[in-house]
Structure formats: C-alpha cells, structure tokens
Amino acid sequence: MNKNKSIELNSAKIIEIRKTLDTNINKYWHIIRAENVIAKKALKAGMGSGYDLKSLYNEITQMQEKRIIIKGMLIALNNGNEKFNYESFKKTNNYTIFAAGEAKEAIAQLKMVPTINPSTKATKGKKGLSKTETFTAAKIASLLKDLQLKANKFDAELKRFNDNTSLIIDDKFITDKFSANLAF
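Residues numbered from 1 in each chain as written. Predicted model: local features only at pLDDT ≥ 70, side-chain atom pairs only at ≥ 80, totals over all residues. Heavy atoms only, no water.

Another aspect to go through is the pattern of salt bridges. This structure, assessed with the given rule, holds 10 salt bridges. Two residues, Lys 104 and Asp 155, come together in a salt bridge whose shortest N-O distance is 2.8 Å. Of this pair, Lys 104 sits in helix H5 (residues 93–111) while Asp 155 sits in helix H7 (residues 137–164), and the two are 51 residues apart along the sequence. Counted as one network, the salt bridges with shared partners bring together Arg 18, Asp 22, Arg 67, Glu 102 and Glu 105. (Salt bridge = Lys/Arg side-chain N within 4 Å of Asp/Glu carboxyl O. Helix = DSSP H or I, 4+ residues; strand = E, 2+ residues; numbered from the N terminus.)

Take a look at the structure:
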C-alpha cells in the first residue's frame, strides 16, 4: 500500500536546503576539476579525495534536479501557495528557466575539467603516460553535447513562451507610466 507522505517546509528550511545543495554541487565540481587528471604516483600514494568521479558527477546531476525543485518550492511559497505540486511546476516557465540554468552551469563546469591531450595519449599510449584521467576529452565532449541539446530545448521553450505570452494592463496609472516605452 503506497500512501502519499507529506512534509511541511518553511522558507528558512527551503533556503537552507538550497544553500546546502549549492555548497555540495560546487564542492563536487571542484573535486572533479582537481582530480580528473591525476599523476599515477599520486594515486598510488593515496592522494586525492578518494571519490569516484563518475559517481560524483551523477550525484551532481541529481542535486541539480533537487535544486530546481527547491527553487520551485520557494516561488510557490513566495506566491502565497500553501502546497507544491511538482508535476504542475514542471509545466511552468519557471521550471524551464531553472532547468536551462542548470544545464548551462553544467556545460560551463565541464568545460573547465582538464583532460589529457588525446594526441599525447595516442602517441605515448595509456600505459606510457604518467597521469590518468577519469573523464576523457571524448566523454566530456559527449556530455557537453547532451547538455547543449537540453539547453537548446529549454531555450526554445523560453523563446516560445516569451513570443506567445502577454499581459493585459488596464490600470491607467501603469499605462500612462509606460506609454512612452510601448507601442499601443
């Protein structure tokens, strides 16, 4: 029997969760950048964090989705809503904005991850290198392509929203204030 379980979060707790997600996502990106290319001697000496970088990357993507949800919760709370519905939120422009932002952040972070030059690898061979890497240039290129496709999708949704959504203003004070800026 699957019963829906509800929790109650106030604004302070939601913000605390978001800050924790921000901190951990940044920390994990720093670890990936610092340890993607590492000397084999350093690895044998037990240097580095000991994290599995692929698992860290997966954790980052999961935390990014949580961060989107947390931001949605904050918007709901700030708009005076007492309940949050994830499925409804996913259909909003705010979800699209946050998802596009997360994809673009991941793209920027991945572009900073160092890799071993593929031509050096080809010349010396994997065993001939004094360093090792977790994410190869080809793997990062593949991840970047997938993320760019996601970002493009969200950007297209935002463009459709911006082009096809309007607001009717019938307040004389507002219309007078902006009439010089708008073509009526």
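Interaxial distance between helix H3 (residues 53–78) and H5 falls to 10 Å at its minimum, and their mutual angle equals 150°. One way to sum up the angle between H3 and H5 is to call them roughly antiparallel. Classified by chirality, the crossing of H5 by H3 is right-handed. Here Tyr 57, Gln 64, Glu 65, Arg 67, Ile 68, Lys 71, Gly 72 and Ile 75 of H3 come into contact with H5, specifically with Asn 94, Tyr 95, Phe 98, Ala 99, Glu 102, Glu 105, Ala 106 and Leu 110. (Axes fitted to C-alpha atoms, helices over the stretch in contact; angles between N-to-C directions. Parallel < 35°, antiparallel > 145°, perpendicular 65-115°, else oblique. Left-handed = near helix turned anticlockwise from the far one by under 90°. Contact = heavy atoms within 4.5 Å.)

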